[in-house]
Every structure is written in structure tokens, then in C-alpha cells.
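So the chains spell out like this:
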Amino acid sequence: MIWLDAFSDRYLTPELCPFLWNLSKNCFFAKIKPLFAYKGIEYCFEYGAPLNKLGVWNDHVFAGFDAVNKRQNSLFKKVLKFVDNFSPSDEWNKVFRYILFKLARVEYGTPHLIPPQYIDVFPVTRPSFNRKSLYQILDENSIKYLRKEPKLAISEVGLIKRIPKYLRKYDVVFLKLNSLDRLGHKYGPSSNNVRRRIRYFDKLIGELFPKLGKNVALIVMSDHGMTPVLHYFDLINFLTKKGFEFANHYVAFVGATYTSFWFKNEQYKEKIVNELSYVEVGHLLSVKDKIKLGINKIGLEYLGEETFAAREHHVFFPEFYHVRRPPKGMHGYAYSSYDAPICIVCNEILESNMTKQVASFTDLASSITNFLNLSNFSS
Ligand SMILES: [Zn+2]
């Protein structure tokens, strides 16, 4: 199974990726319903259940206004502040932070650039599920599998080439390739950098396919697409100008396509919600919206008392992923019409499990367990 991170259905053309395009015509092909924001995709895949059922969304939670007011000045935060100031770019900042977090043994979730003063306010949570994941099912049935997610683009090539070799030793190979996501954010989905990488992946998968043999099932799927960003909006600065102080009157978790809000009291909530209702780059999610997005049962410690979602092609900037350089491509919009993730499934048995024109992430893991004749997920 190959995850092509941030592969948009718009990339799937005979000119850009002739091999994958052909594969999509000759095997099972579906667009996947995109997920709002970012983090739940892997959970949905691994646990074969939607976000609402799992009750998770982001991997950070709001710890409350007490945590905001603590303002500990630990050594870790001082070093973090120094690292942030000294980093030449967002990319380097992420690398330096990664090293620092590892050294300090502090949990490192996503996003990567939460301001130092809010690190304690948004601690990382690792949710526990009373439901088996795909990998647990594989373990229990002594299915040997390999999971690889290389940090560097250069390692991706060798891993694709080594798949036939791995398959001699393992029953299942999961390979997640992230470089298209990084390029899409940095240069935009229609850039030459992205197009070159797609052509290259297409060539590599095209060379791999004949080597797989008849009994091997191939899944190529993306976790989300990549939409061009045309407009930027500094939501926090907007509220500051209106006289609202971050940490004193409200706290916000700022993502590129959504901002979650918690309020000091009802009075500030009412005033801020009123201001936000005039902001045209997005809208506050109603209960109806949340039901439609499948997140209405997610706790407010994740979602915020209010969630403001950006309109497609707009992002909030700066945010907790990008501080210095605004992204040129983004994914995870509440209402997206531009693009969708894709799913190509090649193998007769596996294909018969996938019948829908529009698949969901939750379909994939149970298709794999069915294919391997394993007892499925508990409902
Ligand atoms: Zn991304």
C-alpha cells in the first residue's frame, strides 16, 4: 500500500501521470471524501471508524485558562524561544524544534510551530481507543508487515524500488510518501516542483507494478488533496485591532484552514463571535455544519467553544504551521469543491470490497482485513 500524501484528484491526468491514470481506468478507482482540518485521517484509516465515533480530531487539547495564566518560565521554553528566533525559515525551525523536543523528551504533536508561551496550554494527547486498529489485527494474526514513512524525499525513491524485496519478507508493506505535501504547501499545486515530483512517482510506480506479481494487491491512496491558496488573513491581528487580547479575553488554536476559540467568559464570547460574523474569509461552524462534517460529537477541548473555518483558497496566516512564509497550497477545508483525495485499488478480490464511487477513509482498513481473510473490526 502506497500513501501519496497530498495527491489531488486534479493531478490524475494522462499528461501528468500516465501510469497512475491508466491504473485508475483499469482498476477500482474512487475519490475519497476529504476530511476537515488535518489530523483524523490516519485514525480513520487505522481504526476503520469515523472521527465522530472515535471522538478525536486534533492531537492537542486546550488545557484551560489556568494553564494560560501559569506562564512557567522553564528552561525548555527559553531554549524554544531562542530556537524560534534563530531559525532562518519555518522548515529549519521545524527541524530544530524536532531535535529540541526529542532532547527534552517533550511530546511533539502537529502542528509544529505553536508559540512557546502556549506549549503548556495545548498539551499533546494520545487518545486510547476501545477498538482495535488495523495494525493490532495484523499483529494478532501474525501477519508480518512493514511500515515506512521516510523523513527525507531522497529516501522515498529507494523505498519504492525495494518493495518487491520487502514483499519476500513481509505480507503487507505500508509506505507513506510525504514529499508531495511539502512541495504542495511550499510552491503550490500547479508549480513545476510538484509536477516534476508527480511525474517521478508515476515513473517509479510504473516500474514497480510489473515486478509485484499476480497475487499482490496494490493500493495507491492519498490522504488529502492540495488547493491553491490565493488569499491570506491574519485573524489574531484582526481581533487585536478590535481590542481583544489573546490569552486575556480568549485563546485560539490557529490552523491554516480553521481557528478554534475558547473564551474567558460569555461576555467576551458574545463580542468576539459578533466580530467574527463580519469576517468574510470564513464562517463560524454551526451545529448543522458540524453534523455534516462528522465532528459534532468531538469534545470542545479539541474543537473549541467556537470553530471558525476558512473558505476554500483562503488561509489564516501566520498560524501554528507557518510563521515566516505563507503556504501556497493548503488542504483540509470545511467545504471543499476544488479537489479530493484518491484511491486506486488493484486486485480482483480487493476491488470487490470497494464498490462505492466515493469512498471514505474508513473503508480502506476493513478492505485490507477482508482481503487477508482476517476477522474484522469490532463495531
Ligand atoms: Zn499538508
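Residues numbered from 1 in each chain as written. Predicted model: local features only at pLDDT ≥ 70, side-chain atom pairs only at ≥ 80, totals over all residues. Heavy atoms only, no water.

Comments concerning the overall build of the protein
- Along the backbone of the protein there are 16 helices and 15 strands.
- The C-alpha atoms of the protein give 21 Å as radius of gyration, which agrees with the globular expectation for 379 residues (21 Å, within 12%).
- With respect to the three principal axes, the spread of C-alpha positions in the protein is 65 × 45 × 40 Å.
- Counting only residues that meet the buried cut, the protein has 55% of its 379 residues in that class.
- For the protein, contacts bridging at least 24 residues in sequence account for 75% of all contacts bridging at least 6.
- Here the protein displays about 18,200 Å² of accessible surface, and carbon together with sulfur accounts for 52% of that area.
- Side-chain charges of the protein comprise 51 positive and 37 negative groups, with the mean position of each set lying 5 Å from the other. (Helix = DSSP H or I, 4+ residues; strand = E, 2+ residues; numbered from the N terminus. Rg over C-alpha atoms; globule rule 2.2 N^0.38 Å. Buried < 20%, exposed > 50% of the residue type's maximum accessible area, 1.4 Å probe, protein only. Contact = heavy atoms within 4.5 Å. Areas by Shrake-Rupley, 256 points an atom, 1.4 Å probe, with all protein chains shown as cover. Lys, Arg positive; Asp, Glu negative; His and termini not counted. Charge placed at Lys NZ, Arg CZ, Asp CG, Glu CD.)

A few points about the sheet that holds strand S10 (residues 282-284)
- The 4 strands lie next to each other as S8-S9-S11-S10, forming an open sheet whose pairing is antiparallel. The open sheet terminates on both sides in strands that have one partner only, identified here as strand S8 (250-254) and S10. Mean inter-strand twist for the sheet, computed between neighbouring axes without regard to direction, equals 20 degrees. (Pairing = 2+ DSSP bridges. Axes fitted to C-alpha atoms, helices over the stretch in contact; angles between N-to-C directions.)

A word on the packing of aromatic side chains
- Counted according to the given criterion, the structure contains 31 aromatic pairs.
- On the basis of an interplanar angle of 80 degrees and a centroid distance of 5.2 Å, the ring pair of Phe76 and Phe101 is categorised as edge-to-face. Placement of Phe76 in helix H5 (residues 75-86) and of Phe101 in helix H6 (residues 90-104) is noted, with a sequence separation of 25 residues between them. By the burial criterion, Phe76 is buried, and Phe101 matches it.
- Among the aromatic residues, ring-to-ring pairing joins Phe62, Phe65, Phe122, Phe253, Trp262 and Phe320 into one connected group.
- The ring of Tyr338 carries Arg10 above its face, with NZ or CZ at 3.8 Å from the centroid.
- Directly above the aromatic system of Trp3 lies the positively charged group of Lys176, at a separation of 5.6 Å from the ring centroid. (Phe/Tyr/Trp six-rings, centres within 6.5 Å; stacked < 30°, edge-to-face > 60°. Lys NZ or Arg CZ within 6 Å of the ring centre and 35° of its normal.)

Let's talk about the coordination of the zinc ion
- The protein atoms that coordinate the zinc ion are Asp181 (OD), Asp181 (OD), His185 (NE2) and His331 (NE2), at distances of 2.1 to 2.5 Å.
- Sequence positions of the residues that donate to the zinc ion give the spacing D-x3-H-x145-H. Of this pair, Asp181 sits in helix H9 (residues 179-187) while His331 sits in the loop between strand S13 (329-330) and strand S14 (342-346); the two residues are 150 residues apart in sequence, bridging distant segments of the chain. Judged on exposure class, the residue Asp181 and its partner His331 are both buried. (Donors = N, O, S within 2.8 Å, 3.2 Å for Na, K, Ca; no water.)

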